[in-house]
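Residues per chain are reported as follows:
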Amino acid sequence: MRTTDVARESGYSPQQVRDLERLGVIPPAVRSDNGYRSYTPLHVRALRAYRGLAAAAGPVEARRLLAEMWTATVTEAASAVDELHARLARERAEVLRAQRALEGIQAEGAGGDDDFMTITQLAQALGVRSSTLRFWEEEGLVRPERVTTLRARRYGPAAIRAARVVVALRAGGYGIPAVREVMACLDGADGLEDARRILRARLDRIAARSVVLLRAGADLAAVVCVSDVSDAANVSDAANVSDAANVTDVTEVTEVTDVTRGTPDPPA
C-alpha cells in the first residue's frame, strides 16, 4: 500500500501518516529500491487504533502506548489496554462520589448561624491541607471572614458549604477554572444543580471515551497480537498473523482530550 492509500483508509493525511511513523506510532514502512514507502493493512489498523486511543486517553498518551506496544509482549500490551479501561472506570467512580457528596450537602441544609470553623478545623473536617484552603481563597473559590487584630480566618456556614462543594468538584476531576464557574453561581437558587449538571456532563464525556475505546478494540487487538510474532519487525508476517487484511470499518472520531483537570492544588 502507498502512503496515499493508507491515508485514505485511516482518515489521516499523508503527512500525518509519515509523522506518526516517525514517532513510532506505526512500524517503519518497507522501502522499495526507489525509496518509496510500502505499507500493509496492519499499518491502517494501527492508525485506527491510535485514533481510538487518542480520543480515550489523549494524543500524547496514545503515541506513547502505541510506540511501546510494538516491542512489548502480548501480556504487556494487553495489560496496557486493560489499564486504560480501568482508568476510565476510576474517573467515573470519582465523579459518582462527587455527586453523592453534593447530594449530602443539599440534604444537610445551610447549617446554623453560629457554626464557625477555623482554617485548621475546616481543613481537618474536609481532609485537605490548610495551604489548600488558602489557595482556594486566592482563587476566589472560598471566602472566609477575617476576625481579630491578627486577621485570622473564620469560616461561617456559607464558606463551609462552598468549601465542601469545591472538595466534591475537585474529587470529581475538575480543574480550578471549571470549579470557579460553578462557585460563581452557587449563591443562586440553582447553584447546586449547576454543580450536578457539570458532573453529569463529565460522566457523559467519560462514557463517550469508553465507547471510542471499545470501537477501537479490534484494531488494538491486531496491534497487541503482533507481539505474538517472533519477528515483529517483519510487518508483512505480522499482518498475516493478525489477519490485518480484514480491515473493519471504525467510526471516525475527533481526537478529544479531557481538559477539565487543571493545575493541582499546592502541597503544604
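None of the values given here were measured: they were computed from a predicted structure.

> Could you give an account of the overall build of the protein chain, with specific residues and numbers?
Tallying secondary structure elements over the protein chain gives 12 helices and five strands in all. Taking all 268 residues of the protein chain together, 42% fall into the buried category. Relative to all contacts within the protein chain whose residues are 6 or more apart in sequence, the contacts with residues 24 or more apart total 70%. With an accessible surface of roughly 13,800 Å², the protein chain has 51% of that area assigned to carbon and sulfur atoms.

> With reference to specific residues and values, describe the packing of aromatic side chains.
Summed over all chains, the structure comprises one aromatic pair. Between Tyr 12 and Tyr 50, the aromatic rings sit 6.2 Å apart at their centres with planes inclined by 40 degrees, giving tilted as the arrangement. One end of the pair, Tyr 12, is in the loop between α1 (3-10) and α2 (14-22); the other, Tyr 50, is in helix α3 (residues 41-57), and 38 residues separate them in sequence. Of the two residues, Tyr 12 and Tyr 50, neither departs from the other in class, the shared state being buried. Directly above the ring of Tyr 12 sits Arg 51, whose terminal nitrogen or CZ lies 4.2 Å from the centroid. Above the plane of the ring of Phe 116 lies Arg 154, whose end atom (NZ or CZ) is 3.9 Å from the centre.

> Any details on the confidence of the model for the protein chain? Residues and values, ideally.
Of the residues in the protein chain, 78% reach a pLDDT of 70 or more, and the chain-wide mean stands at 80. Low pLDDT (under 50) marks residues 229-233, which in the prediction has four contacts with non-local residues, meaning those over four places away or in another chain. This stretch, residues 236-261, has a pLDDT under 50; its non-local contacts, to residues over four places away or in other chains, come to 60 contacts.

> With reference to specific residues and values, describe the environment of Ala 57.
Inspection of the secondary structure puts Ala 57 in helix α3. Residues Ala 57 and His 85, 28 residues apart in the sequence, show an inter-C-alpha distance of 9.9 Å. Ala 57 has contacts with Leu 84 and Arg 87, leaving out every residue within four places of it along the chain.

> An account of α3 is needed here, citing residue identities and associated values.
The first and last C-alpha atoms of α3 sit 24 Å apart over 17 residues, in line with the 24 Å expected at 1.5 Å per residue. When you tally the buried positions in α3, you get 15 out of 17 residues, the bulk of the element. At the exit of α3 stands Gly 58, carrying a positive phi of roughly 100 degrees.

> Before we move on, could you go through the pattern of salt bridges and cite the residues and values that matter?
Applying the stated criterion across every chain yields a total of 14 salt bridges. A salt bridge links Glu 83 to Arg 90; the shortest N-O distance between them is 2.6 Å. Glu 83 gets classed as partly exposed once you look at its relative accessible area, which sits at 34%. On the basis of relative accessibility, which here comes to 43%, the residue Arg 90 falls in the partly exposed class.

> Account for the environment of Leu 84, naming residues and giving values.
Mapped onto the secondary structure, Leu 84 falls in helix α5 (residues 74-108). Residue Leu 84 is classed as buried on the basis of its relative accessible area of 4%. The spacing of Leu 84 and Ala 56 is 28 residues in sequence and 8.0 Å in space, taken between C-alpha atoms.

The rules behind the values
Residues numbered from 1 in each chain as written. Predicted model: local features only at pLDDT ≥ 70, side-chain atom pairs only at ≥ 80, totals over all residues. Heavy atoms only, no water. Helix = DSSP H or I, 4+ residues; strand = E, 2+ residues; numbered from the N terminus. Buried < 20%, exposed > 50% of the residue type's maximum accessible area, 1.4 Å probe, protein only. Contact = heavy atoms within 4.5 Å. Areas by Shrake-Rupley, 256 points an atom, 1.4 Å probe, with all protein chains shown as cover. Phe/Tyr/Trp six-rings, centres within 6.5 Å; stacked < 30°, edge-to-face > 60°. Lys NZ or Arg CZ within 6 Å of the ring centre and 35° of its normal. pLDDT = per-residue confidence, 0-100. Expected span 1.5 Å × (residues − 1). Salt bridge = Lys/Arg side-chain N within 4 Å of Asp/Glu carboxyl O.

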